[in-house]
Amino acid sequence: FDVLHRTFLGYPVRLAPEGRAHEFFTLFTRVAARHEKKKNPLTADETAWAAVCTALVQHPEAELY
């Protein structure tokens with residue numbers, strides 16, 4: 001997650017507001033759980049990582065970098 005955070009927001013997750021990593025982990029877990037049993041060309045983990053990347057790109061701070 002730190003690599004994605006650095007890529008999309010430009011700084012390490014350890015400098016982000018408290019709880020951000022937990023929020024994104026929760027997003028990942030929820031998306032993966034919803035997609036486990038669906039027929040999809042992507043695995044549940046791949047779908048969840050795609051959701052995390054999308055959320056980071058759409059994060060309000062992304063516009064600053």
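For the structure itself, consult the block above.
So, a few notes on the structure that sits alongside this text.

The rules behind these values
Residues numbered from 1 in each chain as written. Predicted model: local features only at pLDDT ≥ 70, side-chain atom pairs only at ≥ 80, totals over all residues. Heavy atoms only, no water. Helix = DSSP H or I, 4+ residues; strand = E, 2+ residues; numbered from the N terminus. Buried < 20%, exposed > 50% of the residue type's maximum accessible area, 1.4 Å probe, protein only. Contact = heavy atoms within 4.5 Å. Areas by Shrake-Rupley, 256 points an atom, 1.4 Å probe, with all protein chains shown as cover. Lys, Arg positive; Asp, Glu negative; His and termini not counted. Charge placed at Lys NZ, Arg CZ, Asp CG, Glu CD. Phe/Tyr/Trp six-rings, centres within 6.5 Å; stacked < 30°, edge-to-face > 60°. Expected span 1.5 Å × (residues − 1). Polar contact = N/O pair within 3.5 Å; in protein donor to acceptor, adjacent residues only side chain to side chain.

A separate point is the overall build of the protein. Along the protein, the regular secondary structure elements total 3 helices and 0 strands. Going from the N terminus to the C terminus, the protein shows its helices and strands as α-α-α. Judged by the C-alpha coordinates and their principal axes, the protein covers about 35 × 20 × 20 Å. For the protein, with 65 residues in total, the buried portion stands at 29%. Long-range contacts, defined here as pairs at least 24 residues apart, represent 50% of the contacts in the protein between residues at least 6 apart. Roughly 4,700 Å² of accessible area belongs to the protein as shown, and the carbon and sulfur atoms make up 58% of that amount. Each charge sign in the protein was given a centre, from 8 positive and 8 negative side chains, and these centres are 7 Å apart.

As enumerated under the stated definition, the model contains 2 aromatic pairs in all. Judged by centre distance (5.2 Å) and plane angle (35°), the ring pair of F1 and F24 falls under tilted. Residue F1 is located in the segment before α1 (2-9), and its partner F24 is located in helix α2 (residues 20-35); the two are separated by 23 residues in the primary sequence. Look at F28 and W49: their rings are 4.8 Å apart centre to centre, the planes differ by 50°, and that puts the pair in the tilted class. Here W49 lies in helix α3 (residues 44-58) and F28 lies in helix α2, a separation of 21 residues in the sequence.

Between its first and last C-alpha atoms α3 spans 21 Å; for 15 residues at 1.5 Å apiece the expected length is 21 Å, and the two agree. Packed against the buried residues of α3 are α1 and α2.

Here we take up the side chain of H59. On the secondary structure map, H59 appears in the segment after α3. On the accessibility criterion, H59 (17% relative accessible area) is buried. In this structure the side chain of H59 is engaged in a polar contact, spanning 3.5 Å, whose partner is the side chain of R20. In this structure, H59 is in contact with L9, R20 and F24, ignoring residues within four places of it in sequence.

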